[in-house]
Amino acid sequence: MVPVDVSVIVPCYNGQKYLGQMLSCVLSSDRSSLEVICVNDGSTDSTLDIMRECAQKDSRVIVLDRQNAGYGAAVNAGLEVATGTYVAVAESDDFELPHMYDDLMDLALAYGLPDVVKGCYWRVVQAGTPAERRYRGYVYDRIHPRRMPFRIVEAPQLLQYHPSIWSGIYRRAFLQGKGIRLVEAPGGGWVDNPFLVDVLCQAESIVYTDSCHYCYREDIAGTSTAARNAKVSYARWMERQDILDRLGINDPGILKANYVVGLKFVEAAIGQGVLDTPEGQRATATLLRRMDPTIVAHIHDVSPALIDRYAQLTGHDVHGSALAYQAHLAQEVAWGLRVNGPGFVASNVALARRRQSQE
């Protein structure tokens, strides 16, 4: 029996629209040996039929049929039966460019089987419309460790943007040895957030590439991105911070990256009116009080108004710098123009203005 290089776990709940496309993409990898573990999470559409039909045509496909328990539980079920040297996650409503796992496995072999091999990805916005566009993810051209492989302390920005756990492969023995699993929460539940932190902060060896293979449809109605929920995002951020505390991590760069994520969750909550209620203010204050004010004082990735709100809710004497924030925005514009072009920058400027009006 040929050893399996990569076990690709495809969790799916009512994903009939795009599932066939994703499975075809995954199975395009043929230089490395794959097993594709399709986990039907209690779907009520034709998802299970699509999985079984694919398994009949390709012996690399395994189907797990289970009652609905959410994304995290579905991925964990796949991890329990995976046999590959590496494991990966592919979401049924996305797609991939050909040979993604072949190329990631080539990197793994070139660098002595590191704990993590992670790539950048394509953001597919306004998916399925005439205005559909493809932009490189926010980590593109930002991760510059002095060496490969590296540890997260050398490139903490990997923690600051979208978790994008589907753009990498993870050494299965490493996950098993560290006892790393996804949080099991209802629905999607943003459980990729604590998983990313647990993986990257415990990994002894990480390899990163700017190559973009994975195509993430990020604004499909009904997905966790399209239906933001402050209660869920706050819970996931608290779990992220719990992991850092459990691991005894006090590196300022890592903490800053995590704080930026938390502050942006708060920014989104403000836009939803969460802070208009006493309960929302208490929940937000609880989150913000877990942040070290000496580190927050040096964060310029969020608006001064948001830093002022941090000071108001925590009682810490911290003030945002308008000048430093404007410099940050200028750097972001330059990055956006270089990496994704003027259309991307224009859309981000419009978004920033809407957020400022909500603060």
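The structure this text deals with has already been given above.
## Concerning helix α11 (residues 304-314)
Every buried residue of α11 is accounted for by Pro-304, Leu-306, Ile-307, Tyr-310, Ala-311, Leu-313 and Thr-314. Those residues of α11 that are buried are in contact with α8 (252-271), α9 (278-288), α10 (293-296) and α12 (322-339). Residue Gly-315 follows α11 closely and has a positive phi angle near 85°.

## Some words on the side chain of Arg-172
Considering the arrangement of structural elements, one finds Arg-172 in helix α5 (residues 172-178). Lacking a salt bridge, the buried Arg-172 has Glu-35 as its closest oppositely charged neighbour, with an N-O distance of 6.4 Å. When sequence neighbours within four positions are dropped, the list of residues in contact with Arg-172 reads Ala-82, Thr-83, Gly-84, Thr-85, Tyr-86 and Val-87.

## Considering the packing of aromatic side chains
As enumerated under the stated definition, the model contains 11 aromatic pairs in all. Judged by centre distance (5.8 Å) and plane angle (65°), the rings of Trp-335 and Phe-344 are edge-to-face. A relative accessible area of 3% means that Phe-344 is categorised as buried. Among the aromatic residues, those joined into a ring-pair cluster are Tyr-135, Tyr-138, Tyr-161, Trp-335 and Phe-344. Its guanidinium or amino end placed over the ring of Tyr-18, Arg-217 lies 3.8 Å from that ring's centre, counting from NZ or CZ.

## Section: helix α4 (residues 100-110)
Inspection of α4 places Met-100, Tyr-101, Asp-102, Leu-104, Met-105 and Ala-108 among the buried residues, and these make up the whole buried set. Immediately beyond the C-terminal end of α4, within one or two residues, lies Gly-112, with a positive phi of roughly 75°.

## Details of the packing of α9 against α11
At their nearest, the axes of α9 and α11 sit 9 Å apart, and the two run at 100° to each other. Judged by the inter-axis angle, α9 sits roughly perpendicular to α11. Here α9 contributes Gln-281, Thr-284, Ala-285 and Leu-288 to the contact with α11, which in turn contributes Tyr-310, Leu-313 and Thr-314. Of the residues contributing to the contact of α9 with α11, the split by class is four nonpolar, three polar and no charged.

## Looking at the side chain of Ser-43
Structurally, the position occupied by Ser-43 is in the loop between β2 (34-41) and α2 (47-57). Classification of Ser-43 as buried rests on a relative accessible area of 17%. Here Cys-12 takes part through its backbone oxygen, which lies 3.4 Å from a polar atom of the side chain of Ser-43. Only 2.7 Å separates the side chain of Ser-43 from the side chain of Asn-40, close enough to count as a polar contact. Discounting residues that sit within four places of it in the chain, Ser-43 has contacts with Cys-12, Tyr-13 and Asn-14.

Rules of the game
- Residues numbered from 1 in each chain as written.
- Predicted model: local features only at pLDDT ≥ 70, side-chain atom pairs only at ≥ 80, totals over all residues.
- Heavy atoms only, no water.
- Buried < 20%, exposed > 50% of the residue type's maximum accessible area, 1.4 Å probe, protein only.
- Helix = DSSP H or I, 4+ residues; strand = E, 2+ residues; numbered from the N terminus.
- Contact = heavy atoms within 4.5 Å.
- Lys, Arg positive; Asp, Glu negative; His and termini not counted.
- Salt bridge = Lys/Arg side-chain N within 4 Å of Asp/Glu carboxyl O.
- Phe/Tyr/Trp six-rings, centres within 6.5 Å; stacked < 30°, edge-to-face > 60°.
- Lys NZ or Arg CZ within 6 Å of the ring centre and 35° of its normal.
- Axes fitted to C-alpha atoms, helices over the stretch in contact; angles between N-to-C directions.
- Parallel < 35°, antiparallel > 145°, perpendicular 65-115°, else oblique.
- Nonpolar A, V, L, I, M, F, W, Y, C, P; charged D, E, K, R; others polar.
- Polar contact = N/O pair within 3.5 Å; in protein donor to acceptor, adjacent residues only side chain to side chain.

In short, the description is geometric, and any link to function would need to be established separately.
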